[in-house]
Amino acid sequence: MKLDRLAYRPDALLDFFEEGLGALGGLCARPWHDRLEVVAEGAAARLWRADGELHSAELQFVAAGETGARDAQREVFPGCPLTFQLAEALRPSPPPLERAVLEIDGAARPPDAAVIERLWRQAHPDTLRWRLASPLTPAFHHSLVALVRCEVQATDQHWSLHRVALGLPDGRADDGLAREIGFARLAAAPAALAWPTPDPTGWSGLLTGAIEGELAGELAAVRARQEGRLARELTRVDDYFANYERELAGRASRGRGATGKFAERLAAAKAEHARHRADQVARHEIVVVPHVDALLLVAEPAWRGTLHIERAHRPPAALEARFVPRARRWETAAEARA
């Protein structure tokens, strides 16, 4: 899910800078309601100086709606580079993998057989016969929740923040968990709980696919604008070199003994034309840079059992399946492998 942007509030940003710079070792003082005096060294000073040497500055937090030229080194305003740099400096790299166990109401009691059969048939309408081949036993279902900040580099730069929840190990999107994780109740981790082994490579692929889906609509609009701008620039370049080549041809037709020189100039013009077209294409590329700011591995109560299933045009099968009460969803080992 895409998180809404916070409204620009100078007082909230001033608090963020004061606390953030203080956490990095800087000294801060407020001489006025919209100003912050800073003395920084090391990590805090690298927001202004790459060498981290001692630096002092007075930051002014611009009022909302105020227009005019801005000094990005000493003024804080909507989209200010200093804000992003401070957030990056505060973010641990790589982000730690946190763990949490959800407490779900009613999850301690086995679900009603009629209810879970109906949920199975809703997901698999071709089911002819369904029965539990073994009693349900308590289990856990695991999900990966990530907070991902996406930078879309185009002619216009765009930023968006997304919270993504993926079921493990298959990577199925869990929009309900992404919406509700901020309000979830946590429980103590049972001693017998086995956590999945972290898989940075595999999880990276799952998150990439999820973010591509989240950004599809936004990127379509960006791509349409980029294509329009690129078409205009390519037309301009093509017209310029077409006129230049016509001018060269006219000069050659009026001159004598200049055939070799004309050919050289024409070849150079064609090479320069191709270079300018390639340069415009490169300038109008769209680059998406994701920044993973937080990772949370979630365990929640589930029920495991063996199902005897008969489907249309398929042989009967015994499936190891897991029912997730919060999501009211069945998962099978075959689906996880797929």
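Computed from a predicted model, the values in this text were never measured in an experiment. (Residues numbered from 1 in each chain as written. Predicted model: local features only at pLDDT ≥ 70, side-chain atom pairs only at ≥ 80, totals over all residues. Heavy atoms only, no water.)

Draft legend 1. Summary view of the nonpolar core. Residues Phe17, Leu21, Leu36, Trp48, Leu59 and Phe61 are the most contacted members of the largest nonpolar core, which totals 21 residues. Residue assignment for this core shows that the elements contributing at least two residues are α1 (10-23), β3 (35-40), β4 (55-61) and α2 (81-90). No other element matches the four residues that α1 contributes to this core. Apart from residues no more than four positions distant in its own chain, Leu36 is found in contact with Leu14, Phe17, Glu18, Leu21, Cys28, Ala29, Arg30, Pro31, Ala57, Glu58, Leu59 and Phe61. Listed in part, the 16 residues of the second largest apolar core include Leu144, Trp203, Leu207 and Leu295. (Core = buried A, V, L, I, M, F, W, Y, C linked by side-chain atoms within 4.5 Å. Buried < 20%, exposed > 50% of the residue type's maximum accessible area, 1.4 Å probe, protein only. Helix = DSSP H or I, 4+ residues; strand = E, 2+ residues; numbered from the N terminus. Contact = heavy atoms within 4.5 Å.)

Draft legend 2. Focus on the sheet that holds β3. Spatially, β2-β3-β4-β5 is the arrangement adopted by the four strands of the open sheet, whose pairing is mixed. Strand pairing shows two members of the sheet lacking a second neighbour, β2 (27-32) and β5 (75-76), which therefore form its edges. Bridge count for β2 against β3 is four bridges, and the pairing is antiparallel. Looking at β3, one finds that Ala29 is bridged to Glu37. (Pairing = 2+ DSSP bridges.)

Draft legend 3. Spotlight on the side chain of Thr332. As for its position among the elements, Thr332 is in strand β13 (residues 329-332). In this view, Thr332 contacts Trp120, Leu319, Glu320 and Ala321; residues no more than four positions away in its chain are not counted.

Draft legend 4. Up close: the side chain of His273. Among the secondary structure elements, His273 is positioned in helix α6 (residues 259-283). Excluding its chain neighbours within four sequence positions, the residues that come into contact with His273 are Val237, Asp238 and Phe241.

Draft legend 5. Here's a closer look at the environment of Ala178. Position of Ala178 relative to the elements: it lies in helix α4 (residues 175-180). Overall, Ala178 belongs to the buried group, its relative accessible area being 1%. Residues Ala178 and Ala165, spaced 13 residues apart in sequence, show a C-alpha to C-alpha distance of 5.1 Å. In contact with Ala178, other than residues within four places in its own chain, are Met1, Arg163 and Ala165.

Draft legend 6. Layout of the pairing of strand β6 (residues 97-102). Pairing of β6 with strand β11 (residues 287-311), which is carried by five bridges, proceeds in the parallel orientation. Residue pairing across strands places Arg99 opposite Leu297, the latter belonging to β11.

Draft legend 7. Molecular detail of the environment of Ala154. Structurally, the position occupied by Ala154 is in the loop between β8 (137-153) and β9 (158-167). With 131 residues separating them along the chain, Ala154 and Glu285 place their C-alpha atoms 6.6 Å apart. Every residue in contact with Ala154, bar those within four places of it in the chain, is listed here: Val222, Gln226, Glu285 and Ile286.

Draft legend 8. Expanded view of a nonpolar patch on the surface. Where nonpolar side chains cluster on the molecular surface, the patch consists of Leu27, Val39 and Leu54 and spans about 300 Å² of accessible area. We classify Leu27 as exposed; its relative accessible area is 59%. (Patch = residues over 30% accessible without salt bridge, like charges linked within 9 Å, V, L, I, M, F, W, Y side chains within 5 Å. Areas by Shrake-Rupley, 256 points an atom, 1.4 Å probe, with all protein chains shown as cover. Salt bridge = Lys/Arg side-chain N within 4 Å of Asp/Glu carboxyl O.)

Draft legend 9. Quick look at the pattern of salt bridges. Scanning all chains against the criterion turns up 27 salt bridges. Asp105 is the partner of Arg185 in a salt bridge, and the nearest nitrogen-oxygen pair spans 2.4 Å. Separated by 80 residues along the polypeptide, Arg185 in the loop between α4 and β10 (186-187) and Asp105 in the loop between β6 and α3 (113-123) bring together distant segments of the chain. Exposure remark for Asp105: the relative accessible area of 62% places this residue in the exposed category. A salt bridge links Arg329 to Glu331; the nearest nitrogen and oxygen atoms lie 2.9 Å apart. Note on Arg329: relative accessible area 16%, which makes it buried.

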